[in-house]
Amino acid sequence: MTTQEALFNYTLRLGDTNLILAQRLSEWTGHGPFLEEDLALTNIALDITGAAKSLLEYASTIENKGRSADDLAYFRNDRQFFNAQITEQPNGDYAKTIARQAIMDCFDYYFFTELAKSKDETLAGIAQKSIKEVTYHLRHTSSWLERFGDGTEESHNKTQTAINQLWQYTGELFEMTEVDEILLKEGIAVDLNLVKAKWENHMADLLAKCTLIQPENVFMQTGSRKGIHTEHLAFILAEMQALPRMYPDAKW
Amino acid sequence: MSDNQGPVWEIFLQKKAGQPFVHCGSLHAFDKEMALQNARDLYTRRGEGVSIWAVPSNAIVASSPEDIGPFFEPSNDKVYRHPTFYQIPDAIGHM
Amino acid sequence: MELTQFEDVFEGKLAKNEMVEPKDWMPDNYRKHLIRQISQHAHSEIVGMLPEGNWITRAPSLRAKVVLLAKVQDEGGHGLYLYTAAETLGISRDELLDNLHTGKAKYSSIFNYPTLTWADIGAVGWLVDGAAIMNQVMLQRTSYGPYARAMVRICKEESFHQRQGFEIMTHLSFGTADQKAMAQDALNRWWYPTMMMFGPPDAESPNSENAMKWRIKRETNDQLRQKFVNQTVPQVEYLGLTVPDANLKWNEAKKGYDYSEPNWAEFKQVISGNGPCNKERLAARNKAHDDGAWVREAAQAFAKKRKEVYEAA
């Protein structure tokens with residue numbers, strides 16, 4: 001695998017993760033638990049869609065085969081997507097959405113902090129922009145996690161259930177492959193072991209503050225680094241890609 | 001506990017550092033942190049501010065329309081409070 | 001002061017084009033009219049998020065997705081500004097929402113029509129927002145201060161909405177034959193419902209007379225409708241599309257287009273709950289509210305525990 005191929009795959013992984021997460025979040029727009037929070041979650045969806053767009057545009061440049069960011073988003077099938085499986089999990093109730101988002105915000109916070117030091121200037125630039133956004137996202141989702149954890153019995157139980165369900169997808173976030181090894185040597189990629197340690201500490205503190213229990217001895221799911229997903233992704237793509245695929249010659 | 005949308009807060013925004021805080025509107029929030037975050041997400045979507053005050057609506061004391069006469073008109077004839085009331089010799093110039 | 005003196009002050013303000021503020025004395029009917037109109041307007045923004053939100057996950061490009069998300073979010077923000085304006089008249093958000101959820105309050109009939117294709121997102125932005133803006137520009141000078149101020153903010157933000165709708169229509173109209181057909185089909189379906197947005201003809205509009213007298217409205221339904229047709233027809237021509245009205249023609253004498261009235265019988269049916277999507281829209285709003293109940297309760301309980309609660313005014 002060449003460095004360029006590795007960089008293309010790495011950037012796709014980041015772009016896809018943001019794209020699918022944003023796709024899930026945007027399902028809430030117009031259906032939030034109350035108006036103010038509807039707008040707040042949509043702001044997060046907007047930031048993440050923006051990050052996905054920048055990353056896929058960069059992937060398109062790296063590949064340099066005439067495929068645009070839109071082509072990458074709309075004309076690949078599920079086996080060619082590299083988003084983390086946690087991002088494609090259904091929204092469920094608001095506790096599950098907040099739990100999924102807090103897990104990802106915390107990951108992104110430490111991930112982008114590291115990526116901002118990347119020798120790849122474009123990735124470093126995208127990361128620097130994202131850090132500011134993600135810092136706010138994490139503040140927003142952490143405060144909701146705390147309200148739920150220490151709110152009513154119902155909200156506590158719903159949130160604990162969500163954390164228990166989602167935890168099996170967290171291991172994957174830190175998996176390093178040949179792609180990571182190649183780019184790590186070049187000073188481009190992030191050492192995910194480093195991110196993992198920080199993420200684990202932060203999550204442990206956050207969950208404790210929220211009176212929630214961190215699941216233990218969880219068997220971690222895996223696959224997305226190879227384009228293997230849960231059943232949900234194909235449905236997301238069927239919906240998202242329908243129009244461009246129905247009219248492949250059209251420009252929108 | 002009855003379901004509701006939470007208390008109303010009044011939001012004041014500072015457009016740039018050094019400028020006064022100006023009322024921009026209201027919103028609902030259940031706690032202080034939420035009031036601040038909701039204000040950020042609702043009233044600064046287009047870069048309208050650099051600082052936010054969120055104040056519970058019921059903490060605001062307001063004058064009444066009937067107060068216009070007794071409150072504000074007595075100050076209308078106090079011309080001596082304005083610099084133009086005083087004559088300074090031309091030779092002194094700007095003071 | 002005697003009641004008649006209060007009335008004189010109020011009438012005096014209207015005559016001088018001054019704003020009425022929340023604590024000012026106002027006639028009961030004026031207050032009721034405003035609550036009805038502002039809350040209808042707010043509900044329209046909130047329900048209006050649904051037909052457009054319907055296409056966010058299916059937007060055909062990343063750019064279109066970001067733009068539509070931002071636009072639908074804006075509609076939510078506008079609903080919120082309007083709810084808080086209505087609340088200054090002494091009605092709570094809870095009551096306002098309850099009126100919407102039980103079907104007691106109305107919202108713009110337009111949102112009871114379905115968005116069937118991507119071109120509908122273009123048509124809604126271009127025609128529906130175009131019609132709404134016409135109404136909203138007028139309302140920036142409405143006599144009730146909080147309403148007028150909300151409208152100023154809304155108009156400022158709304159200005160990109162119509163442009164994004166027209167941009168979609170442009171891409172489609174100058175795109176492939178399939179896309180152009182999609183655009184024409186959307187225009188055919190949205191033209192008359194948009195015309196209905198200005199309300200029944202002046203002669204049959206029960207609330208218009210008071211609204212004009214109190215300077216809540218500054219132009220009549222028919223005046224606004226005519227303005228809309230005059231403004232839109234050249235845009236249709238630019239796109240190379242056809243207005244679905246065989247009677248449409250320029251009338252030199254009135255310096256405006258003659259046009260066919262929309263089907264007012266259909267309008268009455270749609271506002272009384274029999275439009276294609278009335279039940280779905282209301283069900284969607286009710287579901288979001290009901291599903292959110294435990295979230296609001298948790299937030300309330302948490303605030304109480306942290307002694308942060310401020311009793312609702």
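Residues numbered from 1 in each chain as written. Chains lettered and ligands numbered in written order. Predicted model: local features only at pLDDT ≥ 70, side-chain atom pairs only at ≥ 80, totals over all residues. Heavy atoms only, no water.

Undergrad: I would appreciate a short explanation of the sheet that holds strand β3 (residues 51-56) of chain B in the present structure.
TA: Strands in a sheet are paired, the pairing made by backbone hydrogen bonds, and the direction either parallel or antiparallel. Read from one edge to the other, the open sheet built from three strands follows the order β2-β1-β3 (chain B), with strand pairing classed as antiparallel. Looking at which strands have only one partner, the edges of the open sheet turn out to be β2 (21-28) and β3 of chain B. Adjacent strand axes in the sheet meet at a mean angle of 25 degrees when their direction is disregarded. Relative to β2 of chain B, strand β1 (residues 8-14) of chain B runs antiparallel, the two being bridged by seven bridges. Paired with Glu-10 of chain B across the strands is Ser-26 of chain B, a residue of β2 of chain B. Sitting on the sheet, helix α3 (residues 62-87) of chain C is in contact with β1 and β2 of chain B, with an inclination near 90 degrees to β2 of chain B. (Pairing = 2+ DSSP bridges. Helix = DSSP H or I, 4+ residues; strand = E, 2+ residues; numbered from the N terminus. Axes fitted to C-alpha atoms, helices over the stretch in contact; angles between N-to-C directions. Contact = heavy atoms within 4.5 Å.)

Undergrad: How should empty space enclosed by the protein be read in this particular structure?
TA: Over the atoms rolls a probe the size of a water molecule, and in doing so it shows where empty space is left. Counted under the stated rule, the structure contains three cavities of 30 Å³ or more. Taken as a whole, the largest cavity spans an internal volume of roughly 140 Å³. As for the largest cavity, its lining consists of 15 residues, of which Arg-13, Leu-14, Thr-17, Phe-107 and Arg-225 of chain A are closest to the centre. Of all the elements in the fold, those that place two or more residues in the lining of the largest cavity are α1 (3-26) and α5 (94-115) of chain A. Looking at the lining of the largest cavity, the element that brings in the most residues is α5 of chain A, giving five residues. Of the residues assigned to the lining of the largest cavity, the class counts are nine nonpolar, three polar and three charged. Quantified by volume, the second largest cavity comes out at close to 110 Å³. Phe-34 and Leu-35 of chain A together with Leu-97, Arg-285 and His-289 of chain C are, among the 14 residues lining the second largest cavity, the residues nearest its centre. Looking at the lining of the second largest cavity residue by residue, the class counts come to seven nonpolar, four polar and three charged. (1 Å grid on protein atoms, 1.4 Å probe; cavity = no way out; pocket = protein on both sides within 12 Å on 5 of 7 lines; lining within 4 Å. Points joined across faces, edges and corners; volume = space filled by probe spheres on them. Nonpolar A, V, L, I, M, F, W, Y, C, P; charged D, E, K, R; others polar.)

Undergrad: Explanation requested: a nonpolar patch on the surface in the structure shown.
TA: Residue and element names in this part refer to chain B. On the surface, a nonpolar cluster with roughly 410 Å² of combined accessible area is contributed by Val-79, Tyr-80, Phe-85 and Tyr-86. Relative to the helices and strands, Tyr-86 is located in the segment after α2 (68-72). A relative accessible area of 46% means that Tyr-86 is categorised as partly exposed. (Patch = residues over 30% accessible without salt bridge, like charges linked within 9 Å, V, L, I, M, F, W, Y side chains within 5 Å. Areas by Shrake-Rupley, 256 points an atom, 1.4 Å probe, with all protein chains shown as cover. Salt bridge = Lys/Arg side-chain N within 4 Å of Asp/Glu carboxyl O. Buried < 20%, exposed > 50% of the residue type's maximum accessible area, 1.4 Å probe, protein only.)

Undergrad: Is there a simple way to explain the interface of chain C and chain A in this structure?
TA: Accessible area lost on assembly of the parts is the figure often given for the size of an interface. Contacts between chain C and chain A engage 45 residues on the former and 47 residues on the latter. The interface formed by chain C and chain A holds four salt bridges in total. Glu-146 of chain A is the partner of Arg-306 of chain C in a salt bridge, and the nearest nitrogen-oxygen pair spans 3.0 Å. For the pair chain C and chain A, the interface holds 17 residue pairs in polar contact (both at pLDDT 80 or more). Only α2 (28-53), α3, α6 (145-173), α7 (177-196), α11 (278-291) and α12 (293-305) of chain C provide two or more residues apiece to the side of chain C that touches chain A. Of all the elements, α3 of chain C adds the most residues to the side of chain C that touches chain A, at 13 residues. A breakdown of the residues in the side of chain C that touches chain A according to their chemical character gives 25 nonpolar, ten polar and ten charged. (Polar contact = N/O pair within 3.5 Å; in protein donor to acceptor, adjacent residues only side chain to side chain.)

Undergrad: I keep staring at the interface of chain C and chain B and nothing clicks. Help me out?
TA: In this complex, chain C contributes 30 residues to the contact, which on the side of chain B involves 27 residues. For the chain C and chain B pair, buried surface summed over both sides reaches about 2,700 Å², with 54% attributable to carbon and sulfur atoms. Counting across the interface, chain C meets chain B through five salt bridges. For the salt bridge of Asp-74 of chain C with Arg-46 of chain B, the shortest nitrogen-to-oxygen distance reads 2.5 Å. Across the chain C-chain B interface, the total number found is eight residue pairs in polar contact (both at pLDDT 80 or more). When contributions to the side of chain C that touches chain B are tallied by element, the ones reaching two or more residues are α3, α4 (93-101), α6 and α12 of chain C. No other element matches α12 of chain C, which puts nine residues into the side of chain C that touches chain B. Taken together, the residues that form the side of chain C that touches chain B break down as twelve nonpolar, five polar and 13 charged. (Buried area = accessible area lost by both parts, 1.4 Å probe.)

Undergrad: What's the story with the side chain of Thr-42 of chain A in this structure? I'm lost.
TA: Residue position: Thr-42 of chain A is located in helix α2 (residues 35-63). Of the residues examined, Thr-42 of chain A reaches a relative accessible area of 2% and is grouped as buried. Polar contacts involving the side chain of Thr-42 of chain A include one to the side chain of Thr-29 of chain A, which spans 3.1 Å. With near-sequence residues (within four places) excluded, Thr-42 of chain A lies in contact with Thr-29 of chain A together with Leu-69 and Gln-73 of chain C.

Undergrad: Any chance you could explain the nonpolar core here in plain terms?
TA: The nonpolar side chains of soluble globular proteins are, as a tendency, buried together. Of all hydrophobic cores here, the largest spans 183 residues; its most connected members are Tyr-10 and Phe-111 of chain A together with Trp-118 of chain C. Ignoring anything within four residues of it in the chain, the contact list for Trp-118 of chain C reads Leu-243 and Trp-252 of chain A together with Trp-55, Ala-59, Pro-60, Ala-64, Leu-68, Ile-168, Leu-172 and Met-182 of chain C. (Core = buried A, V, L, I, M, F, W, Y, C linked by side-chain atoms within 4.5 Å.)

Undergrad: What is the right way to read unusual backbone geometry from this model?
TA: Note on backbone geometry: most residues besides glycine have negative phi, and most peptide bonds are trans. Residue and element names in this part refer to chain C. One non-glycine residue with positive phi stands out, namely Asn-17, at about 65 degrees. Within the secondary structure layout, Asn-17 lies in the loop between α1 (3-15) and α2. Phi at Lys-255 is positive, roughly 50 degrees, even though this residue is not glycine. When you line up the elements, Lys-255 lands in the loop between β1 (249-251) and β2 (256-258).

Undergrad: Would you take a moment to explain the pairing of β1 of chain B for this structure?
TA: Along any regular strand the residues' side chains alternate between the sheet's two faces. All names here are of chain B. Of all seven residues that make up β1, six are buried, and the element is covered over most of its length. As paired strands, β1 and β3 are joined by six bridges and run antiparallel to one another. Considered in β3, the bridge of Leu-13 is made with Ile-52.

Undergrad: Before we go on, may I ask you to explain the confidence of the model for chain B in this structure?
TA: Caution is warranted with low-pLDDT regions, since their predicted coordinates should not be read in detail. Per-chain confidence: chain B averages 91 in pLDDT, with 99% of residues scoring 70 or above. Taking the mean pLDDT of every element in chain B, the minimum, 84, falls on α2 of chain B and the maximum, 97, on β1 of chain B. (pLDDT = per-residue confidence, 0-100.)

Undergrad: Help me understand the packing of α3 of chain C against α4 of chain C in this model?
TA: When two helices pack together, their arrangement is given by the angle between their axes and by how far apart the axes lie. Residues and elements named next belong to chain C. The N-to-C vectors of α3 and α4 enclose an angle of 115 degrees; their axes lie 9 Å apart at closest approach. The way α3 lies across α4 gives a crossing that is right-handed. For the pair α3 and α4, contact is made by Leu-80, Tyr-83, Thr-84, Ala-86 and Glu-87 and by Arg-93, Leu-96, Leu-97 and Leu-100, respectively. Counted by class, the contact of α3 with α4 contains six nonpolar, one polar and two charged residues. (Left-handed = near helix turned anticlockwise from the far one by under 90°.)

Undergrad: It is not clear to me how the packing of aromatic side chains should be interpreted in this structure. Could you clarify?
TA: What characterises a pair of aromatic rings is the spacing of the ring centres plus the angle enclosed by the ring planes. In this structure the tally under the stated criterion is 31 aromatic pairs over all chains. Pairing Phe-10 of chain C with Tyr-30 of chain C gives two aromatic rings, centres 4.9 Å apart and planes at 75 degrees, and the pair type is edge-to-face. Highlighted residues: Phe-10 of chain C in helix α1 and Tyr-30 of chain C in helix α2, separated in sequence by 20 residues. An aromatic cluster of at least three residues, connected via ring pairs, comprises Phe-107, Phe-111, Phe-112, Trp-167, Phe-174 and Trp-199 of chain A. The aromatic ring of Phe-81 of chain A is capped on one face by Arg-76 of chain A, whose charged end is 4.2 Å from the ring centroid. The positively charged end of Arg-58 of chain C is found above the aromatic ring belonging to Trp-55 of chain C, 3.7 Å away from the centroid. (Phe/Tyr/Trp six-rings, centres within 6.5 Å; stacked < 30°, edge-to-face > 60°. Lys NZ or Arg CZ within 6 Å of the ring centre and 35° of its normal.)

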